[in-house]
Amino acid sequence: MTHTRNKQKSTKKHIRMLAILLIPVVALILGAAAPELWAGHHDDDDDEEIPFDVAELFFELNNTDGDLGIHALVDGDAWKYLEIEDTRDRKMLNIIVRGRLRRQGLTELFFESAEPTFDELSPRRFFRRFPEGEYDIEGITIEGEERESEVWLSHVLPAPPEPSVNGMPAAEDCPVVEAPVTITWPEVTMSHDEIGKSGVFIEVENYEVVVEIDDTPWKTSTILPSTATSFEVPQEILDLVESGDEVKFEVLVREASYNQTAIESCFVIE
């Protein structure tokens, strides 16, 4: 019995020693294989990246209400997974399409964040939360192909447009005007002088004018070229307005980076 126990102890000792010797060998094998496995997983890294058809990440400032939000617009082939990484490669959004919708896939995605007022979230804190720099928008199509677009999120915001209605400066007190109604504004050429990066010449992408009749569901939006400095409210819109009704409007200027600044005002038809 003593001889058998000694033999068992000796066998266990050899097994333990063998295990100890094998650990670094296994580690070396795995260490050598890891780069190949990683390269195999990213075998498309050396190929040209296929971008989304549309990939935009931008800010919107409501200069009248005093709030900021971040928006995104992504469009392309049907996808089942999408993520956005910040300037430090940290995920700030990821969407996984599941179930029946996964087989169908998604194409266009637009979102806008909540827009707390500056009393709740100051512009300085907002821009610290979303630093200027390169963000990655990545996805996987329903066929398993990768898509990746690199977008630059800029802190340059257009200066607010300064609209007038029939020559009268638009203000919180809605001016009373007669038809026809023309909204005008001077050309915007500079960045906002208080919010974001100031003193920067900007390239305007386009203007947008939104008109809505108060207390009704009626609303229209018109995109205008970068050279536009006026918008005549269509008569068919004014025909819907009764004397004394308030008509709200918004003039929005969109910079080449897609960052946009809006001014809201109103007028009353006499």
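Look up a bit, the structure's there.
*Asks:* Which residues make up the environment of Trp-218, and what values go with them?
*Replies:* Residue placement: Trp-218 occurs in the loop between β12 (204–213) and β13 (219–224). The contact partners of Trp-218, leaving out residues within four places of it in the chain, are Val-211, Glu-212, Ile-213, Ile-237 and Leu-240.

*Asks:* Explain the sheet that holds strand β14 (residues 230–232) to me, and be specific about the residues and the numbers.
*Replies:* Taken in spatial order, the 4 strands of this open sheet run β9-β8-β11-β14, and their pairing is antiparallel. Strand pairing shows two members of the sheet lacking a second neighbour, β9 (168–169) and β14, which therefore form its edges. Relative to β14, strand β11 (residues 182–184) runs antiparallel, the two sharing 3 bridges. The residue bridging Ile-183 from the neighbouring strand is Phe-231, located in β14.

*Asks:* Quick one: what's the story with the pattern of salt bridges, residue by residue and with numbers?
*Replies:* One pass over the structure, following the stated rule, counts 6 salt bridges. In this structure, the salt-bridge partner of Arg-147 is Glu-145, at a minimum N-O distance of 3.1 Å. The class of Arg-147 is buried, set by a relative accessible area of 9%. The exposure class assigned to Glu-145 is partly exposed, which follows from its relative accessible area of 41%. For the salt bridge of Arg-254 with Glu-208, the shortest nitrogen-to-oxygen distance reads 3.0 Å. Of this pair, Arg-254 sits in strand β15 (residues 246–255) while Glu-208 is found in strand β12, placing the two residues 46 residues apart along the sequence. The pair formed by Arg-254 and Glu-208 is uniform in burial state, with each residue classed as buried. The network of salt bridges with shared partners includes Asp-77, Glu-145 and Arg-147.

Procedures and definitions
- In this convention, every chain numbers its residues from 1, walking through the sequence in written order.
- Where local features are concerned, this predicted model is filtered to residues with pLDDT of at least 70; where side-chain atom pairs are given and counted, the filter is 80 or more; whole-chain, interface and lining totals use all residues.
- Side-chain numbers come from the whole structure's heavy atoms, not from hydrogens or water.
- Helix and strand labels come from DSSP, where a helix needs a run of H or I of at least four residues and a strand needs a run of E of at least two; each type is numbered from the N terminus.
- Throughout, a residue-residue contact means that at least one pair of heavy atoms, one from each residue, lies within 4.5 Å.
- Any two strands with at least two DSSP bridges between them are considered paired.
- Salt bridges are identified by distance alone: a Lys or Arg side-chain nitrogen within 4 Å of an Asp or Glu carboxyl oxygen.
- When accessible area is computed with a 1.4 Å probe and restricted to protein chains, residues below 20% of their type maximum are described as buried, those above 50% as exposed, and intermediate ones as partly exposed.

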